[in-house]
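A look at the structure
These are the residues of each chain, in order.
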Amino acid sequence: MDKIIEPKVLKGFRDSLPEQEIRKKKMFRILEETFSSFGFVPIDTPALEYTDVLLGKGGGETDKQVYSFKDNGGRDVAMRFDLTVPLARFITANKSNIIFPFKRFHISKVWRGENTQRGRYREFYQCDFDIVGTDSPSADIEILIMMKTSLEKLGIIGFKIYFSNRGILNKFLEINNVKDKSVEILRIIDKLAKIGKEKTKGLLTELTGAEICNKILDFITPADSFDKTLNKLISLCNGDNAETERLKIIYKALRENEIENYFILDPTITRGLDYYTGLVFETFLEGNREMGSVLSGGRYNNLASLYTNEQIPGIGASIGIDRLIAALEESENKKPQNMCDCIVFNIDDELIGLLYKTAEEIRKQGISCEVYPESKKLNKQFAYAEKKNIPVGVIIGKDEKESGTITVKDLIARKNYEKIQIQDGIEKIASIIRETKN
């Protein structure tokens, strides 16, 4: 007998069971509808790219996390580690076929060979939405508003969006003559929440000296309101500049839309990747900040410079789908996922054609419906429906066939509605489903 192969999965990778996949696909549908309502359009890019294309603007720790190898043709290829760098390549390669400003969304898998932890895997979904081709404050505002709207549409409550501006920090570093060390400083600040203030202070002191370190720590310490924090940044930058004026425009729009309470100006938000040039942001769930940011991004006006001499500004955000799902699964609002809305039970194989005809009539009304494939005892069929969290069932026997009726069974409330006309029955099915989803 041949040796049995162990059905093991690579570390950092995982299977997705039906209930998990249903939750995920539902999220995708909600997000796609939300993005489309703002005028965004979908794109896709290959999972594999040339290594030099992906790593040209990564740098540092990102390079170490990329899955790269030689393909059968001897080419150096790599699996995309995010959806932003492939976007820059996509824009440059297809700009003659794109209408600018270009508003896109992309939901797909990415791969990073990083250490696994709760809510973080080596293969995971990202959901990106970007506005490319304009450096206007309006684009910044729209991305922030869509971030807030998307999370609300997903039913997320208790979130805050923390934002800052890399341009202001760069101006401050320039004034203090450490602009040449900005990349290292940004990455140290980006780790503040993970390593704590003392370790951050030690790393900054080693890099810049004690005096400059203390100035940087003062700069990134927020005050207790947007206005006080911004005034502090303006003072430390020797007065207003284009980026502080831009923050004023953005926050004024948030106030006029009465959503400013969702947003907090926090200078510790820097984002670790090199390509961000302006507004940057991260989103945390209240009471679960250790999970990390579930929605983050920023402005990247020079990202496409690797592929073209033409400057193509952009701003975008990325939702970590798997991390967000992990957080939701821990919340009190978690509900079992319906694997189907309705099931037609099979009590007589001779009626199988009628069962499928009835199921199709139910589906025509936008209700998902399956037929149990075998004529077994009803208690076994009920157990099957319970395991799949199906809220309503239909029974058709010889009496129902002769009278042209169906019996509808509310599987949650355990109530029967016997021998009702099929259209009335479908209305009852829809009513039961609505009640279970409220």
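Residues numbered from 1 in each chain as written. Predicted model: local features only at pLDDT ≥ 70, side-chain atom pairs only at ≥ 80, totals over all residues. Heavy atoms only, no water.

1. Examining the packing of helix 6 (residues 166-175) against helix 7 (residues 182-190)
One can describe the packing of helix 6 onto helix 7 by two numbers: an axis separation of 11 Å at closest approach and a directional angle of 125 degrees. Classified by the angle their axes make, helix 6 and helix 7 are oblique. Handedness of the crossing formed by helix 6 with helix 7: right-handed. Across the interface between the two elements, Arg166, Leu169, Asn170 and Leu173 of helix 6 pack against Ser182, Ile185, Leu186 and Ile189 of helix 7. (Axes fitted to C-alpha atoms, helices over the stretch in contact; angles between N-to-C directions. Helix = DSSP H or I, 4+ residues; strand = E, 2+ residues; numbered from the N terminus. Parallel < 35°, antiparallel > 145°, perpendicular 65-115°, else oblique. Left-handed = near helix turned anticlockwise from the far one by under 90°. Contact = heavy atoms within 4.5 Å.)

2. Remarks on empty space enclosed by the protein
This structure, assessed with the given rule, holds one cavity of 30 Å³ or more. Taken as a whole, the largest cavity holds about 50 Å³ of empty space. Leu87, Ala88, Ile91, Val132, Tyr300, Leu303, Ala304 and Ile312 together form the lining of the largest cavity. The greatest single-element share of the lining of the largest cavity, amounting to three residues, is contributed by helix 4 (residues 84-94). Broken down by class, the residue content of the lining of the largest cavity amounts to eight nonpolar, no polar and no charged. (1 Å grid on protein atoms, 1.4 Å probe; cavity = no way out; pocket = protein on both sides within 12 Å on 5 of 7 lines; lining within 4 Å. Points joined across faces, edges and corners; volume = space filled by probe spheres on them. Nonpolar A, V, L, I, M, F, W, Y, C, P; charged D, E, K, R; others polar.)

3. Observations regarding the pairing of strand 7 (residues 159-165)
Among the seven residues that make up strand 7, six are buried, leaving the element largely enclosed by the rest of the structure. Judged from the seven bridges that link them, strand 7 and strand 9 (residues 279-285) form a sheet pairing that is antiparallel. Each residue of the ladder has a partner; that of Lys160, found in strand 9, is Phe284. Sheet topology note: the strand 7/strand 8 (residues 263-265) ladder contains three bridges and is parallel. (Buried < 20%, exposed > 50% of the residue type's maximum accessible area, 1.4 Å probe, protein only. Pairing = 2+ DSSP bridges.)

4. Quick look at the environment of Asn176
Tracing the sequence through the fold places Asn176 in the loop between helix 6 and helix 7. Once the C-alpha coordinates of Asn176 and Ile433 are considered, the two residues, 257 residues apart in sequence, prove to be 63 Å apart. Excluding residues that lie within four positions of it along the chain, Asn176 makes contacts with Ile212 and Lys215. Within polar-contact distance, the side chain of Asn176 engages the side chain of Lys215 at 3.4 Å. (Polar contact = N/O pair within 3.5 Å; in protein donor to acceptor, adjacent residues only side chain to side chain.)

5. A closer look at the nonpolar core
Core analysis: the biggest nonpolar cluster contains 65 residues, and Phe129, Ile143, Met147, Phe163, Phe281, Ile321 and Leu324 have the highest contact counts within it. Not counting the four nearest positions on each side in its chain, Met147 is found in contact with Phe129, Ile161, Phe281, Thr283, Leu295 and Ala317. Among the nonpolar cores identified, the runner-up in size contains 24 residues, and Ala88, Ile91, Phe102 and Leu273 belong to it. (Core = buried A, V, L, I, M, F, W, Y, C linked by side-chain atoms within 4.5 Å.)

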